[in-house]
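# Structural description and commentary
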Number of protein chains: 2
Amino acid sequence: MKMSKLGEFGLIERIKKSLKNPNIGSDCAPIVVGGATYLITCDIILEDKHFLRRYPPEFVGFKAISVNASDIIASGGRPQSVLISLILPDIDSTYVEALYRGIIRACKKYKCKVVGGNVTSSNKVGVDVFMMGPSKRFIKRKTARSGDYIFVTGNLGDSKAGMELLMMDKKSYAPFEKILMKRHLKPEIEVDISNYLVKNATSSMDISDGLSSDLYQLFDKKKVKISIDSDLIPLSRELKMFCKKYRHDAISYALTGGEDYKILFTQKKKSSPFFNIGKVEKGSGIFVNNRKLKNKSFEHFRS
Amino acid sequence: MKMSKLGEFGLIERIKKSLKNPNIGSDCAPIVVGGATYLITCDIILEDKHFLRRYPPEFVGFKAISVNASDIIASGGRPQSVLISLILPDIDSTYVEALYRGIIRACKKYKCKVVGGNVTSSNKVGVDVFMMGPSKRFIKRKTARSGDYIFVTGNLGDSKAGMELLMMDKKSYAPFEKILMKRHLKPEIEVDISNYLVKNATSSMDISDGLSSDLYQLFDKKKVKISIDSDLIPLSRELKMFCKKYRHDAISYALTGGEDYKILFTQKKKSSPFFNIGKVEKGSGIFVNNRKLKNKSFEHFRS
């Protein structure tokens, strides 16, 4: 069966079976080292797939670190050590230096350190990052129970809007458009969210493929019923301005747009500094405003 | 400055400076976790760069693990946990399953385990591996001293000959040619060499770019004089047959051929189960049979 038919998630299911490891498919893998739990993860960003050569390389480097920090933080860990596997064509060294400036700046933000890596030549730029860090508690997916409340840690949909603006390649952009583009180019996550999740979350993951897809990833739709109220999904002022200008539906951006790198999590109590968007109930299926949610977000090979 | 002018090693020097980390450029990075030393490393193999689509995918998977195990073992560690970052075009899932069979087989050999990873779609196949494992002593490069003896753990040059045979894409191959091709496709390293190195080595690295290049990597040519006797370099019966048939010089294959994944190390005493190929002396420069060695092995971007 071709990858385009099997899809990313179908492939992951097959790999999971062949490795006999039920944890495959999570944001991170937990390993016990000297009595302590460490989380390890890897995530790559590739030219023409995740970014274009014309994007500022500082942002490309920064984002490569952010997308990994996001996995570690969402799983209840703190970024610590990083390896950079760099794939480079015959470009000018100033590009690579700028890329590394972004990497170093991001590492400063997430309080982690590049300890090593690898360089390979190829026809396109790629930054594959391996990150590890300690965790007081590994927070998994599929562990929410009926009665839990569902939260997101910030505005959704901005990254998709920002990407579309970048694709327009206009000569000039409005200030709100520049903000959206930067949110796509240089996503940032707060490290301290990890502490909150360790104390409170009953399940957690980062929103990288889009809320509607990730709801299917976080929950076991056969065992619980998920009810989302779309009015509760936080939307930025800039996304609303974008949707007004280009006649789009902001909620559909929030549901299907990937790469926001906010965290989707559940907890027992309703009060939280984050945004409650719904509830876990008895039953089965995933619903938005009482309508069954179609899973139509980004998936590698299928999209 | 373009990568082709700066070269892989020039780039690594720049990255080293920008990260202010003197360990950048080693086979592995040592990290201290819960009082114990762990080594972490990453190495990628890419289609059309390190392998062709027509190569058996089991071997591609096996080799991706071997090249990383080789770094860990050469630095005095034992492979333990592995992440696989897979880059895949829209190929048939049987290819990916075969790739994973090779990965699993190699992990069995090196006594390590795949704990997680990532999948991304692209136009070519790539297997980026992140490996970590415990070490009783992190063995570095550039730490050999005058009086030390220089060793390699096995035959050199076979992989280069095997690759050239694969490129010929002949209809039929002689048995010795099949052996050489398999050594290129599916290199294997013995895990127990790590124990020996921890007890005896004063410096160590794996031979991935070719002996002549790696001698420049293992030693500080300004501080010590390296004398290699080419008659002492171990050569396989198959390489000798290949060189006789195709009129090549076996020693130049051993010196410049990469991807043998044998280990180059130094120790104080002369006796060892491995192959003594030379000596570290007072002075400076790297010499083979008293002639200054030209560094002309594989280097990314330049080659």
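Structure first, text after, so check above.
Conventions we followed
- Residues numbered from 1 in each chain as written.
- Chains lettered and ligands numbered in written order.
- Predicted model: local features only at pLDDT ≥ 70, side-chain atom pairs only at ≥ 80, totals over all residues.
- Helix = DSSP H or I, 4+ residues; strand = E, 2+ residues; numbered from the N terminus.
- Rg over C-alpha atoms; globule rule 2.2 N^0.38 Å.
- Buried ≥ 20, exposed ≤ 12 C-beta atoms within 10 Å, placed from the backbone.
- Contact = placed C-beta atoms within 7 Å.
- Pairing = 2+ DSSP bridges.
- Axes fitted to C-alpha atoms, helices over the stretch in contact; angles between N-to-C directions.
- Nonpolar A, V, L, I, M, F, W, Y, C, P; charged D, E, K, R; others polar.
- Parallel < 35°, antiparallel > 145°, perpendicular 65-115°, else oblique.
- Least-squares fit on C-alpha atoms with pLDDT ≥ 70 in both.

### A closer look at the overall build of chain A
Assigned secondary structure in chain A consists of nine helices and 12 strands. Computed over its C-alpha atoms, the radius of gyration of chain A comes to 19 Å, within 12% of the 19 Å expected for a compact globule of 303 residues. The principal-axis extent of the C-alpha atoms belonging to chain A is close to 55 × 55 × 45 Å. Per-residue burial for chain A yields a buried fraction of 52% across its 303 residues. Considering only contacts within chain A whose residues lie at least 6 apart along the sequence, 85% involve residues at least 24 apart.

### Quick look at the sheet that holds strand β10 (residues 275-281) of chain B
Residues and elements named next belong to chain B. Ordered in space as β7-β9-β6-β10-β8-β11-β12, the seven strands form an open sheet in which the pairing is mixed. Each end of this open sheet is capped by a strand with a single partner; those strands are β7 (201-206) and β12 (291-292). Taken together, the two bridges between strand β11 (residues 285-288) and β12 define a ladder with antiparallel strand orientation. What sits directly across from Phe287, in β12, is Lys292. Together, β7, β8 (225-228), β9 (263-267) and β11 form the strand contacts of helix α7 (residues 211-218), whose direction differs from that of β7 by roughly 135°.

### A few points about the interface of chain B and chain A
Each side of the interface is counted separately: chain B has 56 residues, and chain A has 56 residues. Secondary-structure elements contributing two or more residues to the side of chain B that touches chain A are α1 (3-19), β1 (29-33), β2 (36-46), β3 (81-88), α3 (93-109), β4 (113-121) and β5 (126-134) of chain B. Among the elements that make up the side of chain B that touches chain A, the one with the highest residue count is α1(B) (10 residues). Its residues placed into classes, the side of chain B that touches chain A shows 29 nonpolar, 18 polar and nine charged.

### Section: the environment of Lys111(B)
Residues and elements named next belong to chain B. Structurally, Lys111 is set in the loop between α3 and β4. Take Lys111: there are 12 C-beta atoms within 10 Å of it, and that puts it in the exposed class. When the C-alpha positions of Lys111 and Ile207 are compared, they lie 22 Å apart, and in sequence the two are 96 residues distant.

### Observations regarding the packing of helix α4 (residues 158-168) of chain B against helix α5 (residues 175-185) of chain B
Any two packed helices are characterised by the angle at which their axes cross and by the distance between the axes. All names here are of chain B. One can describe the packing of α4 onto α5 by two numbers: an axis separation of 7 Å at closest approach and a directional angle of 110°. Put simply, α4 runs roughly perpendicular to α5. On α5, the residues touching Asp158, Ser159, Ala161, Gly162, Met163, Leu165 and Leu166 of α4 are Glu177, Leu180, Met181, Arg183 and His184. A class-by-class count of the residues in the contact of α4 with α5 yields six nonpolar, three polar and three charged.

### Some thoughts on the relation of the copies chain B and chain A
Superposing chain B onto chain A requires a rotation of 180° together with a translation of 0.0 Å along the rotation axis, leaving an RMSD of 0.0 Å. Taken together, the rotation and translation relating the two chain copies correspond to the operation of a two-fold axis. Closest approach to the rotation axis among the C-alpha atoms of chain B is made by Gly34(B), whose C-alpha sits 2.6 Å away. Most of the interface of chain B is mirrored in chain A, where 100% of its interface residues are also at the interface.

Purely geometric stuff here, so don't read any function into it on its own.
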